Amino acid sequence: MSRAEQSDLVDRLLDGDHRALARTISKIENRSPGYRELVSSLHEHTGDAEVIGVTGSPGAGKSTLVDKLAKTYRDRDETVGVIAVDPSSPYTGGSVLGDRIRMASNVGDMDVFFRSMSARGTLGGLSTATGDAVKALDAFGKDKIIVETVGAGQNEIDVVRTADTVVVLVQPGSGDDVQMLKAGILEIGDVFVVNKADMSGASKTVADLEEMIHLQGDPTANLDLGHHGAGGGFEKPEVADSPETSGKNGEGSDGDGEEAWTADVVETVATSGDGVDELIETLAEHRAYLERSGRLTEKARTRYAEEIRTLLREDTGTLLEDEIARRGGMESFVDAVVERETDPYTVADELVEPLRDCLDGGD
Amino acid sequence: MSADADQRAIRCLVAKVGLDGHDRGAHVIARAFRDAGFEVIYSGLHRAPDEIVQAAVQEDVDVLGISILSGAHNTLVPKVVDGLKEYGAFEDTLILVGGIVPDDDKQKLKEMGVAEVFGPGTPMADTIEFVRNNAPDRA
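Because the structure is predicted, anything quoted here is derived from the model rather than measured.

Draft legend 1. The pairing of strand β1 (residues 50-56) of chain A, seen in detail. Residues and elements named next belong to chain A. Most of β1 sits inside the fold, with 6 of its 7 residues counted as buried. Sheet analysis places β1 next to strand β6 (residues 165-170), joined by 5 bridges and oriented parallel. For Val 54, the partnering residue across the bridge sits in β6 and is Val 167.

Below, the structure is given as structure tokens:
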């Protein structure tokens, strides 16, 4: 892509051309040549959208709920972007992206821009690509951006963490109360939704969640991460305002964290739209909390720091791959290790040495 | 940059347009495409041409496969084609039609911009091969 084509694409995107937006996201997904410059030139136009992450197990009703959320925002005259991430086959890399089927309420309304994304299983670059696609939608001028993904593993959790507010969907009967004690997606929710609330067992699930929230301490309270976590990677999760922990919360947040967010539990029936207004209300409250407490700025800063680190890791990784190729390829190093002539640590050390020398030279 | 290279996958929209409610064929195609390593977006049943256009534009698909068994292809396909043109997406989308289409109509569909029509009994491998060979080459 030439520089002229690129700035033309950016111009058209900023101008509201849907095709240009779609093409930009493809370039981001494909890591097409020039995509970095593309994302760079979008950056100055971003920062206005509210980003909401939605996660939960398969079949919890995420897409149906996202559809209803989008519809409600549209009724309030706000424009919406949706990115739905689906898994890809570990064998062929292929995927069936089926969430679009659920977007029935917004049919024919181009002001809901819905985009399916495949995890593409490789390189762990999913969260980078998703974050960049969010930027494209933000620059395009969407008021609300919803990122939807199956909350299966670390990769997916990273994805929803590109959002300001994380919604975790739980369906009734998804296990006993011990499930609530387990680590993972239940720790990252700012808002919990018990969807399919018309099913039996819903009130039990709500009660279990309430109990979990009440007991939840600050998982990072005992970790010395530093504010923008040098080795960290993860921003500090929101913390329940329980009496035992509220004292600790204040300490870790530069004095501006007197107020902590108590995760809310909302019941919905996505198929009928019941509870969607309440959910939107809760999302707005969380947003207001983020702005009032300064957490929004803090989150953005953490995210940018993490983004810079990710790019640096990718770039140095590439430099080192090139260096390996120059020195005869990975196989020859492996041969030497197998023959016990050297070991992996020594190899890594040797390969990084020139880089280290260069960078240290500046001191 | 080597780490950035080759992340491309062929994206296909498998679409059911109109009133016919038989999507077993579409499911079989979706699965075969997935197994061929493509990214498949399935539209679901009973879609209007507008919806298909919206999906094809937003998803920026390389290939649009329309499955029609009801005989309504002469009404529905032109609407999809016109919609794609409206959004500047016609030129670089490979349009395929699958289903029951009489020979006379096949010719008309091709003149309209449909790349190929696959009738009943077409081996899956042929369809996949056709997509691999003809998917638009985008930078």
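Structure shown, so let's carry the discussion forward.
Draft legend 2. Just the sheet that holds β6(A), in detail. Residues and elements named next belong to chain A. The parallel open sheet is built from 7 strands, whose spatial order is β4-β2-β5-β1-β6-β7-β8. Of all the strands in the sheet, just β4 (112-118) and β8 (264-267) have a single pairing partner and so form its edges. Taken over all neighbouring pairs, the strand axes of this sheet differ in orientation by 20° on average, direction set aside. Pairing geometry for strand β7 (residues 191-194) and β8, over 4 bridges, is parallel. Bridging from a neighbouring strand, Phe 192 pairs with Val 265 of β8. Running at roughly 175° to strand β5 (residues 144-150), helix α4 (residues 62-75) makes contact with β1, β2 (80-86), β4, β5, β6 and β7 of the sheet.

Draft legend 3. Inspection of the pairing of β5(A) at higher detail. Residues and elements named next belong to chain A. Along β5, 7 of the 7 residues are buried, which leaves the element largely enclosed by surrounding structure. Neither face of β5 is open: one carries Lys 144, Ile 146, Glu 148 and Val 150, the other Ile 145, Val 147 and Thr 149, and all of them are buried. Relative to β5, β1 runs parallel, the two sharing 7 bridges. Within the sheet, the bridge partner assigned to Ile 52 lies in β5 and is Ile 146.

Calculation rules
Residues numbered from 1 in each chain as written. Chains lettered and ligands numbered in written order. Predicted model: local features only at pLDDT ≥ 70, side-chain atom pairs only at ≥ 80, totals over all residues. Heavy atoms only, no water. Buried < 20%, exposed > 50% of the residue type's maximum accessible area, 1.4 Å probe, protein only. Helix = DSSP H or I, 4+ residues; strand = E, 2+ residues; numbered from the N terminus. Pairing = 2+ DSSP bridges. Axes fitted to C-alpha atoms, helices over the stretch in contact; angles between N-to-C directions. Contact = heavy atoms within 4.5 Å.

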